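This is what each chain is made of:
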Amino acid sequence: GENVEQHPSTLSVQEGDSAVIKCTYSDSASNYFPWYKQELGKGPQLIIDIRSNVGEKKDQRIAVTLNKTAKHFSLHITETQPEDSAVYFCAASRGTYKYIFGTGTRLKVLA
Amino acid sequence: NAGVTQTPKFQVLKTGQSMTLQCAQDMNHEYMSWYRQDPGMGLRLIHYSVGAGITDQGEVPNGYNVSRSTTEDFPLRLLSAAPSQTSVYFCASSYGVGGQEQYFGPGTRLTVT
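Let me begin by describing the structure that accompanies this report. Since this is a predicted model, take the numbers as computed values, not measurements. (Residues numbered from 1 in each chain as written. Chains lettered and ligands numbered in written order. Predicted model: local features only at pLDDT ≥ 70, side-chain atom pairs only at ≥ 80, totals over all residues. Heavy atoms only, no water.)

**Structural notes on the interface of chain A and chain B**
- Chain A puts 17 residues into the contact, and the matching count from chain B is 20 residues.
- Together, the buried faces of chain A and chain B total about 1600 Å²; carbon and sulfur atoms form 56% of this surface.
- Sorting the residues of chain A by area buried against chain B places Tyr97(A), Tyr99(A) and Phe101(A) first, and these three jointly supply 37% of that buried surface.
- For the interface between chain A and chain B, the tally reads 0 salt bridges.
- Where the side of chain A that touches chain B is concerned, the elements lending two or more residues are strand S4 (32–38), strand S5 (45–51) and strand S10 (99–101) of chain A.
- The element best represented in the side of chain A that touches chain B is S4(A), accounting for 3 residues. (Contact = heavy atoms within 4.5 Å. Buried area = accessible area lost by both parts, 1.4 Å probe. Salt bridge = Lys/Arg side-chain N within 4 Å of Asp/Glu carboxyl O. Helix = DSSP H or I, 4+ residues; strand = E, 2+ residues; numbered from the N terminus.)

Structure, rendered in structure tokens:
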């Protein structure tokens, strides 16, 4: 069946370093790839998304890259700060109601 | 705007009890959905609605009912709670179906004993 694999499950970085989280999807018809940040006790919040007609998108310290051939997409956070500590989820969608979510990455930014 | 609100925040049920999780949004979104979040499994879609009066099943619908009588409200009913329904439940809404930002509520943590 359709699935999204997300790695790593936990990631610790020093403040100021970069963090990279990777996802691989199985459904080649997927065309929308959002990334969500979930802080403790809160619901997920969209931080960046990318569509299949774009290879890279950047928003300040956050960027997402997409490789459609390999069915990979990645979240890059530069100059990490303590407030970046959270759980991050990737997802893939065909542009319908159905989103397949990854299993999450717990990011810890060490001061 | 309050965004997406959910009540209650925490709930403990005994096996066989029923209850309704409430969800409301004030953004005039047509699309609303319910997810459950379990450790190591990401978010899984339970039911969704593309507008008032229209609902459909998601990935894991068994044991849950929904209705959508207004654009704003989308309650989730547990008919006869089971320990397997212990989870964190999130309601979400968006302007449209697919390829749109989903706005999530703060969640309801449900424990069934």
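From this point, things continue past the structure.
**Examining the sheet that holds strand S1 (residues 4–7) of chain A**
Residues and elements named next belong to chain A.
- The strand order across the open sheet formed by 5 strands is S1-S3-S8-S7-S6, and the pairing between neighbours is antiparallel. For this open sheet the edge positions go to S1 and strand S6 (56–59), each flanked by a neighbour on one side alone. Each adjacent strand pair in this sheet contributes to an overall mean axis angle of 15°, direction not counted.
- Of the pairings in the sheet, the one linking strand S7 (residues 62–67) to strand S8 (residues 72–77) comprises 6 bridges and is antiparallel in character. When the bridges of S8 are listed, threonine 65 appears paired with serine 74. (Pairing = 2+ DSSP bridges. Axes fitted to C-alpha atoms, helices over the stretch in contact; angles between N-to-C directions.)

**Concerning the side chain of Ser87(B)**
Residue and element names in this part refer to chain B.
- Mapped onto the elements, serine 87 comes out in strand S9 (residues 87–94).
- On the basis of relative accessible area, serine 87 is assigned to the buried category, the value being 6%.
- Side-chain polar atoms of serine 87 contact the side chain of aspartate 38, separated by 2.8 Å.
- In this view, serine 87 contacts Arg36, Gln37, Asp38, Thr108, Arg109 and Leu110; residues no more than four positions away in its chain are not counted. (Buried < 20%, exposed > 50% of the residue type's maximum accessible area, 1.4 Å probe, protein only. Polar contact = N/O pair within 3.5 Å; in protein donor to acceptor, adjacent residues only side chain to side chain.)

**Topic: the nonpolar core**
- With 23 residues, the main nonpolar core has Trp35(A), Phe73(A) and Leu107(A) as its most contacted residues.
- At the level of elements, strand S2 (10–14), strand S3 (19–25), S4, S5, S7, S8, strand S9 (86–93) and strand S11 (105–110) of chain A are the ones that each hand at least two residues to this core.
- Core analysis: the second largest hydrophobic core is formed by 19 residues, Leu13(B), Met19(B), Leu21(B) and Ile46(B) among them. (Core = buried A, V, L, I, M, F, W, Y, C linked by side-chain atoms within 4.5 Å.)

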